[in-house]
Amino acid sequence: MNELYGMTAEFAADALAADLEDLFAGQLYRSSAGEKRAIRYFVNDLPVAAGNDEDRGEHAQEPYIIVRIGEGTIPEGDAAQEVQIILVICLYDDRPDRQGYRDVLHIIHEITARYCKNPVIRIRPGSVGARGGPYTVKKPIGWSVQNQPTTPYYYGIVEFSLEIPTICPEVPFT
């Protein structure tokens, strides 16, 4: 297989999801299943949920981060292409003090601090994302938390561009 096939937005999103999983390893958050669990990572969207909200139990999806792929740009020449990434964070916290937003802010801080300190996505050996790269987070990095109450669910987003190696022209056959 041609190496350039790994230089795609979907492989970059896979590598980013794996890097985030490593970043939050060992951190547990509440879920609607009534237990604390590790964050789950999904690329582009959530899978279809099994059951309904009251009886999903172990099938509850939160806490989660969706690595959503937005727009992309392939510039002129050999410059790297840029792909918009939106990280959607969802946490569950049914405590009456309604402080779930603090955990969302903690996750946002961990993500922004990680990529401000070192913008290169670490590629986990053997992962799907290892088929390309390097992938680099570009500033500015934007973030926000929800403005409308959706308790017991709390949401936040982090948005940035991801620099992906460009596909260069091949020498034509003669």
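Scope of this entry: the structure provided in the associated data block. (Residues numbered from 1 in each chain as written. Predicted model: local features only at pLDDT ≥ 70, side-chain atom pairs only at ≥ 80, totals over all residues. Heavy atoms only, no water.)

## Some words on the sheet that holds strand E6 (residues 136-145)
Reasoning step 1: Here we have 5 strands laid out as an open sheet, ordered E3-E4-E5-E7-E6, and mixed in their pairing. Looking at the sheet topology across the chains shown, the edges are occupied by strand E3 (40-43) and E6. Taken over all neighbouring pairs, the strand axes of this sheet differ in orientation by 20° on average, direction set aside.
Reasoning step 2: Across the sheet, helix H1 (residues 9-23) touches E3, strand E4 (64-73), strand E5 (81-92) and strand E7 (153-164), and the angle it forms with E4 is around 150°. (Pairing = 2+ DSSP bridges. Helix = DSSP H or I, 4+ residues; strand = E, 2+ residues; numbered from the N terminus. Axes fitted to C-alpha atoms, helices over the stretch in contact; angles between N-to-C directions. Contact = heavy atoms within 4.5 Å.)

## Overview of the pairing of E5
Reasoning step 1: Where burial is concerned, most of E5 is hidden: 9 out of the 12 residues are buried.
Reasoning step 2: The sheet contact formed by E4 and E5 spans 8 bridges and is antiparallel. When the bridges of E5 are listed, threonine 73 appears paired with glutamate 82. (Buried < 20%, exposed > 50% of the residue type's maximum accessible area, 1.4 Å probe, protein only.)

## Structural notes on the pattern of salt bridges
Pairing is possible between side chains of opposite charge, provided their charged atoms come close.
Reasoning step 1: Under the defined criterion, the tally for this structure stands at 7 salt bridges.
Reasoning step 2: Its salt-bridge partner being arginine 122, residue aspartate 19 comes within 3.0 Å of it at the nearest N-O pair. One end of the pair, aspartate 19, is in helix H1; the other, arginine 122, is in the loop between helix H2 (100-117) and E6, with 103 residues separating them in the sequence.
Reasoning step 3: Overall, arginine 122 belongs to the partly exposed group, its relative accessible area being 42%.
Reasoning step 4: Put simply, arginine 95 and aspartate 93 hold a salt bridge, and the shortest N to O gap is 2.6 Å.
Reasoning step 5: Taken together, the salt bridges that share partners define one network made up of Asp19, Arg114 and Arg122. (Salt bridge = Lys/Arg side-chain N within 4 Å of Asp/Glu carboxyl O.)

Worth remembering: the numbers are spatial, not functional.
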